[in-house]
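Here is how the chains run, residue by residue.
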Amino acid sequence: MSRRVGVRRLVRFLVSLAVLVVATFAMIHLIPGDPVRAALGPAAPVELVEARRAALGLDRPLPEQLVTYVTGVFSGDFGTSFVTGEPVGEVILARLPNTLSLALLATLVALLVAVPLGMWAAIRTENGRNRGTELTFSAGTGAAVAVPEFLYSIALVAVFAIGLGWFPPAGKAGAITYVLPVAALAIGPAAMIARISRVETLRELGKDYVLLARAKRLPAARLHLRHVLPNTLTATLTVGGLLLTSLIAGGVLVEYVFAWPGLGLKIVESVTQKDYPVAQGVVLVYGAIVLVVNLGVDLVLGTLDPTSAIKEA
């Protein structure tokens, strides 16, 4: 990947980050009414509301508030919780590892299941063979993609936690508590990646180098694992990177169902309690993670697939 393309992608990342920071700052000012009054309740004395507004800097001119907010964000100060008085940064740091561990494990599980499954389906259905396998695979993965993660969460809790009693229904207390939430997050993405993996594998199996390798009687396992698999991973890595960002930001309801002590549960609690600085900080962190992961995927793919960088340049 050329330096010019790398710089262009970095500039695009910085511009997106600046837009994200301004958008999250605007959140608290776009809420109808007075957010401090909403958080403290209608019965709170006027003096208390005004004192809290002054303590939070919400009585200052808007440009001054923006400068203070941006300076605080880049120094690690995300403000103070309306409800508990804790620094928002500490709340996020306490919850972020739980969200990241869940998303990373779900992504890893989805990839480890989906890529072999997609390749197996492609090899079984190559040249129109085994139409029953193709129909079953397409119908099964299509249905799995269509079901939302929170429905998987409810079903898994009902069957494996309440019905069979194999796993705890909620909370985080050891490795066993990861099983159900990771499964709920991974099922749909695994089905989607399996479909993409099958299409990419079928495309590779039709290329000349595969026909030549078969003519030379190269063992099937060696052909598929050493030659076909690496050539199918570009699309899989692209989807995997996007998948990671979607699981981090989209696992809010899964965390809520499993009472998982991550950012997803915290943002639900903060919105319910009208704790807007916490919600603001969590949204900012979610957005920053999405931008960083997308930048990383762009750079990795630009290195693995130079043609994409050439086209962009």
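Structure shown above.
Residues numbered from 1 in each chain as written. Predicted model: local features only at pLDDT ≥ 70, side-chain atom pairs only at ≥ 80, totals over all residues. Heavy atoms only, no water.

S.K.: Before we go on, may I ask you to explain the environment of Pro148 in this structure?
M.R.: Assignment of secondary structure puts Pro148 in the loop between helix H6 (131-146) and helix H7 (149-163). Under the relative-accessibility criterion, Pro148 is labelled partly exposed at 31%. Remark: the alpha-carbon pair of Pro148 and Ile187, spanning 39 residues in sequence, is separated by 9.7 Å. (Helix = DSSP H or I, 4+ residues; strand = E, 2+ residues; numbered from the N terminus. Buried < 20%, exposed > 50% of the residue type's maximum accessible area, 1.4 Å probe, protein only.)

S.K.: Would you take a moment to explain H7 for this structure?
M.R.: An α-helical turn contains 3.6 residues, so any two residues separated by three or four positions project in the same direction. For H7, with 15 residues, the first-to-last C-alpha span of 20 Å sits near the 21 Å given by 1.5 Å per residue. Helix geometry: H7 is bent most strongly at Val157, by close to 30 degrees. Within the sequence span of H7, burial applies to Tyr152, Ser153, Leu156, Val157 and Ala161. Buried residues in H7 make contact with H6, helix H8 (179-205) and helix H11 (252-257). Count one or two residues on from H7 and you reach Gly165, which has phi positive near 70 degrees. (Expected span 1.5 Å × (residues − 1). Bend = angle between axes of the 7 residues up to and from the residue. Contact = heavy atoms within 4.5 Å.)

S.K.: How do you make sense of the nonpolar core when you look at a structure like this?
M.R.: Soluble globular proteins: nonpolar side chains tend toward being buried together. Counting residues in each nonpolar core, the largest one holds 55 residues, and the members touching the most others are Leu263, Val282 and Leu284. In this structure Leu263 touches Ile92, Arg95, Leu96, Thr99, Glu255, Val282, Val285 and Tyr286, once residues within four positions along its chain are discounted. Formed by six residues, the second largest nonpolar core is a distinct cluster that contains Met119, Leu205, Val210 and Val228. (Core = buried A, V, L, I, M, F, W, Y, C linked by side-chain atoms within 4.5 Å.)

S.K.: Can you walk me through the packing of aromatic side chains in this structure?
M.R.: Under the definition given, this model contains two aromatic pairs. Ring centres of Phe160 and Trp166 lie 5.8 Å apart, and the angle between their planes is 40 degrees; on these two criteria the pair is classed as tilted. Owing to a relative accessible area of 53%, Trp166 belongs among the exposed residues under this scheme. Look at Tyr178 and Trp260: their rings are 4.8 Å apart centre to centre, the planes differ by 70 degrees, and that puts the pair in the edge-to-face class. Separated by 82 residues along the polypeptide, Tyr178 in the loop between H7 and H8 and Trp260 in the loop between H11 and helix H12 (263-272) bring together distant segments of the chain. (Phe/Tyr/Trp six-rings, centres within 6.5 Å; stacked < 30°, edge-to-face > 60°.)

S.K.: How should the environment of Arg60 be read in this particular structure?
M.R.: In this structure, Arg60 sits in the loop between helix H3 (46-56) and helix H4 (62-74). Beyond its immediate sequence surroundings of up to four residues, Arg60 is in contact with Gln65 and Thr68.

S.K.: Is there a simple way to think about the pattern of salt bridges in this case?
M.R.: Pairing is possible between side chains of opposite charge, provided their charged atoms come close. Evaluated as defined, the whole model comprises four salt bridges. With a closest N to O distance of 2.9 Å, Arg131 and Glu134 form a salt bridge. Within this pair, Arg131 and its partner Glu134 are both found in helix H6, separated by three residues, close to a single helical turn. Glu134 is paired through a salt bridge with Arg198; the nearest N and O atoms lie 3.4 Å apart. Remark: Arg198 occurs in helix H8 and Glu134 occurs in helix H6; sequence separation between them is 64 residues. Overall, the relative accessible area of 11% leaves Arg198 in the buried class. (Salt bridge = Lys/Arg side-chain N within 4 Å of Asp/Glu carboxyl O.)

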